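The chain contents come next:
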Amino acid sequence: MKFDTVIMGGGLAGMVAGIALQQAGKNTAIVSMGQNALHFFSGTFESLQAPSERLAELFSAAGIRVHYREGVRLMPLGTFKEAALSLDDIDLFPTPKFGRRVLIVNFLGYHDFFSSFLAEGLEKQGMECRIRFLSLPELDNAKAHGEMRSVQIARSMDRIWEKVAQEIRLLLKDEDTVILPQVFGLLDDTIPGRIRQAIPARVVFAGTMPPSIPGVRTQMQLRRRYELLGGTFLMGDQAIRAHEHDGVVHSIATHNLDAHYLEARNFILATGGLYSKGLVSNPFKITEPILDLDIDQPQDRNEWYNPTFAGDQPYMGYGVKTDEHLHAVKDGVAMQNVYAIGSILGNTRPNLGSGAGLAIRSAFAAVDEILRSTSEQSEI
Amino acid sequence: MNPNEFDVIIIGGGITGAGTQRDCAMRGLRTLLIERSDIATGATGRNHGLLHSGARYAVNDAESAEECIRENMILRQIAAHCIDETDGLFITLPEDDLAYQQTFVEACRKAGIGAEIIDPELAKRLEPSVNPDLIGAVRVPDGSVDPFRLCAANMLDAKLHGGQVRLHTEVTGFIREGDTIKGVHTRNRQTGEETDYYATVTVNACGIWGQHIAELAGVKVGMFPAKGALLIFAHRVNNMVINRCRKPSNADILVPGDTVCVIGTTSTRIPFEECDNVAVTPDEVTLLITEGAKLAPSLSQTRILRAYAGVRPLVSADNDPSGRNISRGIVCLDHEERDGLKGFVTITGGKLMTYRLMAEIATDLVCKKLAIEKACTTAQTPLPGSEEKSYEAVAQKVWEAPTTAQKAAASRMGTRASRIRSSNRRDDDLICECEEVSVGEINAAIDRLDVSTLTDLRRRTRVGMGTCQGEFCACRAAGLLVKAHGCVERERKDLADFLQERWKGNFPIGWGDTLREAEYTQWIYKHVLGL
């Protein structure tokens, strides 16, 4: 199978690159293991301010609703964090005190939404809080099929959200704000907005333990958009080896496709960091498993860690080396048709940001490099 | 009567202290146990969890070996829900001297330990994970024991006999009148509250910290801090304990326990200042993996969950730099006889296996001082939870058709599992999926077993001990603690402390899946949950 570009990794970076290339008329494939960092997405695009016109267009065409405002957002454990570009699910406030009286609603038996932490955090800001639990037979039925976790609840909520809104209206006394767990709109992203309209108070959705419902939904929207543009999405597969000659990769082998190699002019490596297995570690070093790319790292493993859990961890900074065009470097030489994007770069590229910002900025940068190099080639 | 007055105060919430309190309480004494941290935070909770048959000591220390096998048989009867009767193998590898096997077996038989030489082929069938190159094998009645559970059960029984327990409470000094200890000054480390407690006899059962407590009382007990490092693997690779049949050395015991297995240990003398915060070094990690893989080769491919280290409370005897040649013998000091200080007793030395015997010896001395004549019954009376031998039978009785999670609860709680049977089906919600711990079990621990922090809860229920190392369950369990204690502020700090404590045991082995999991945990707590 032959493509202009093959992208390894279907997280935020890989999807954005794939969509941008398809839009530019390129024929691409994305090889995705399935889960990625979007499954624990906070809903705020880290290190991004106002979206560029290009990003805004991409999101809007994919149906991803975002908004932008410099302010703070409520975190699941009741703290506040500065935030800017976020999904519509996330409320952005000018200051942490966003209400006076707050009703926090959880579902009985749901342990992944931290209502008492939220209440304490809001009370610290001078808000009065009341916590109430809804007991719903529909969720008890879901419980029979496994533990109550965000995705299970969200599946039910897609069906019964109107009933839930009704129950909340009955619970509501004189509160001006209602806080609900972020378990709405898994498949239908209009539901959070419709709940906001159905309840006569400001509705704020607070995050839960992953999987993140807004993140899972965003992933599905990006994939739908990519496939609509004609991209080939190889779900549940992973690149296992690259075939190269003189520093140029001509094809990759994947786990599922056996001897049917994916050939392409360019390759984008968006396989993520350690958690996503884009990088792997053993007691002696951190390596990149597909191409064995160069990685900046200290010899002594003891330097990988900060003994303080909450401190910055050096190991998170180690990523594959690239030149300034994001060409991946192997044995000291930049590979001219391989680009590394997203968290496989490590989190220490100040010009690219971190998290979602790093993913999006590096994806666009690699796409531009590919488009420039192919137009140069066609001119020759 | 003054509510702060007791017959006996026991300092130290390890297994020796808990066992001593139980024994004293069962003989009718009014008891108070004071622990500066939580139960089993010293050597009690930082070892293999090996139910020694005594075979390991048979050749060099016949007395310890005999004590071990006697207590081994007793614990099987009185602590069934804390024990897994796995049996053990002593294997001879090609590089070991097979002649030692004969010496070993003879010494075992002399000490009363059933040691049976078996065909290496049979050994491989009995324990498929064992190194297939073995040239000799001896089967012995080793087993595994959950020291946290054992400690909690002893303390619970003491409380059922009227005893009182003050955890997170530090002894800051002694109340002394002339040549007599009359009680202790204490300070609660969580609230800062200072309280004086009085008793006719005070027992120092502080393990390696006993030297410091003795100093506070004005007497000298020389201890020898010897660090032992261990690794926990994420799977139960072996079903029988595997030992090397040779002179005791580093990393030659592999013990299965619940869902994991533990390799250890090393032995290094450390300065006293390090006892409160022992760290595992990279060299120790390497040694443990290399030697461990000789017992069960698959260990070299198995994910490591944690590294940890404990400090053996050996009583100083000679100048041996490794501490291995010192007897694990029990030391009970009557400071009245020894130093002319009345009302003060130190019980130390010994080991997890002989805690009950140590408790008996200490209690005999306490009773003598109080002029009470009452025989010890701890060897015949099952601990709470251990009234029934099979946890499956318990689970059946409580739930009729128990789920695997309910069976897991019964294996941890024994007959006390009946306490979590309730009409509220929310009690079945799982908080910790790795170890299958339910809301009901956690609430039962909070109700009865003095839980103030997540780390306390972990020791009593195994919450957060599994492969995710608390990544998912810590927050959930924190929610339940808030409900019980009503303080979010405190719980927020507790959650941070818990994660820090998990990380401490993770980063020394921070590679592969362990580092993956850690990266995920660090990312979500910081960026997604906002701790």
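### Topic: the overall build of chain B
Of regular secondary structure, chain B possesses 17 helices and 22 strands. Relative to the compact-globule value of 24 Å for 531 residues, chain B shows a C-alpha radius of gyration of 23 Å, a close match. For chain B, the spread of C-alpha atoms along the three principal axes comes to 65 × 55 × 45 Å. Put simply, 71% of the contacts in chain B that link residues at least 6 apart link residues at least 24 apart.

### Some thoughts on the interface of chain B and chain A
Taken together, the contacts link 33 residues of chain B with 38 residues of chain A. Contributions of two or more residues to the side of chain B that touches chain A are made by β21 (430-432), α15 (473-485), α16 (488-506) and α17 (512-528) of chain B. When residues in the side of chain B that touches chain A are grouped by element, the largest group, ten residues, is from α17 of chain B. In terms of residue class, the side of chain B that touches chain A is made up of 18 nonpolar, seven polar and eight charged.

### Examining the pairing of strand β12 (residues 239-245) of chain A
Residue and element names in this part refer to chain A. In the sheet, β12 pairs with strand β13 (residues 248-254) via six bridges, with the strands oriented antiparallel. Paired with Ala242 across the two strands is Ile252, which belongs to β13. Linking β12 back to β13 in an antiparallel pair, the connection comprises two residues, with Asp246 at a positive phi of about 50°.

### Considering the environment of Ala99 of chain B
Within the element layout of this structure, Ala99 of chain B appears in helix α4 (residues 99-111). When the C-alpha positions of Ala99 of chain B and Arg246 of chain B are compared, they lie 9.7 Å apart, and in sequence the two are 147 residues distant.

### Re α15 of chain B
For α15 of chain B, which comprises 13 residues, the first-to-last C-alpha distance of 18 Å matches the rise-based estimate of 18 Å (1.5 Å per residue) to within 8%. Among the 13 residues of α15 of chain B, ten are classified as buried, and the element is accordingly described as predominantly covered. Among the residues of α15 of chain B, those classed as buried are Cys473, Ala474, Cys475, Arg476, Ala477, Ala478, Gly479, Leu480, Leu481 and Val482 of chain B. Elements that come into contact with the buried residues of α15 of chain B comprise α3 (115-124) of chain A together with β21, α13 (439-448), α14 (454-461) and α16 of chain B. Positive phi shows up at Gly486 of chain B, right after α15 of chain B, with a value of about 70°.

### Section: the nonpolar core
Core analysis: the largest hydrophobic core is formed by 291 residues, its most contacted members being Val16, Ala17, Leu269 and Ile341 of chain A together with Ala477 of chain B. Contact partners of Ala477 of chain B, with chain neighbours within four places excluded, come to Ile431, Ile442, Leu454, Leu457 and Val463 of chain B.

### A word on the domain arrangement of chain A
Accessible area lost during the coming together of the parts is what is often quoted as the interface size. All names here are of chain A. As far as domains go, chain A holds domain 1 (2-41 + 216-379) and domain 2 (65-211). On a C-alpha basis, the centres of domain 1 and domain 2 stand 34 Å from each other. The interface is formed by five residues belonging to domain 1 together with seven residues belonging to domain 2. Taken together, the residues that form the side of domain 1 that touches domain 2 break down as two nonpolar, two polar and one charged.

### Quick look at the packing of α13 of chain B against α14 of chain B
Residues and elements named next belong to chain B. At a minimum axis separation of 10 Å, α13 and α14 run at an interaxial angle of 110°. On the basis of the axis angle, α13 is roughly perpendicular to α14. Relative to α14, α13 is oriented so that their crossing is right-handed. Together, Glu441, Ile442 and Ala445 of α13 and Leu457, Arg460 and Thr461 of α14 make up the contact between the two elements. Residues belonging to the contact of α13 with α14 are distributed by class as follows: three nonpolar, one polar and two charged.

### Brief notes about the pairing of β13 of chain A
By the bridge criterion, two bridges tie β13 of chain A to strand β14 (residues 262-269) of chain A in an arrangement that is antiparallel. Pairing of Ser251 of chain A across the sheet is with Glu263 of chain A, part of β14 of chain A.

Parameters and conventions
The numbers attached to residues start from 1 for each chain and follow its sequence in the written order. Chains and ligands are labelled by the order in which they are written, letters from A for the one and numbers from 1 for the other. With the structure being a predicted model, the display of local features is reserved for residues of pLDDT at least 70 and the display and counting of side-chain atom pairs for 80 or more, all residues being used for whole-chain, interface and lining totals. Strands here mean DSSP runs of E at least two residues long; helices mean DSSP runs of H or I at least four residues long; both are numbered from the N terminus. C-alpha atoms define the radius of gyration in this analysis, and the globule rule sets the expected value at 2.2 Å times the number of residues to the power 0.38. Any residue pair is listed as a contact if its two C-beta atoms, each placed from the backbone, are within 7 Å. Polarity classes work like this: nonpolar for Ala, Val, Leu, Ile, Met, Phe, Trp, Tyr, Cys and Pro, charged for Asp, Glu, Lys and Arg, and polar for all others, with Gly in that last group. At least two bridges found by DSSP between two strands are what make those strands a pair. Expected span of a helix: the number of residues minus one, times 1.5 Å. For the exposure call, what matters is how many other C-beta atoms sit within 10 Å of a residue's own: 20 or more marks it buried, 12 or fewer exposed, and in between partly exposed, using C-beta atoms placed from the backbone. Defined on buried residues, the nonpolar core groups Ala, Val, Leu, Ile, Met, Phe, Trp, Tyr and Cys residues joined through C-beta atoms within 7 Å. Domain ranges listed in this record stem from an automatic or a database domain assignment. For helices, the fitted axis covers only the stretch in contact; all axes are lines through C-alpha atoms, and the angles between them, taken along N-to-C directions, range from 0 to 180 degrees. An angle below 35 degrees is treated as roughly parallel, one above 145 as roughly antiparallel, one from 65 to 115 as roughly perpendicular, and anything else as oblique. Should the near helix be turned counterclockwise from the far one by less than a right angle, the crossing is left-handed, whereas a clockwise turn marks it as right-handed.

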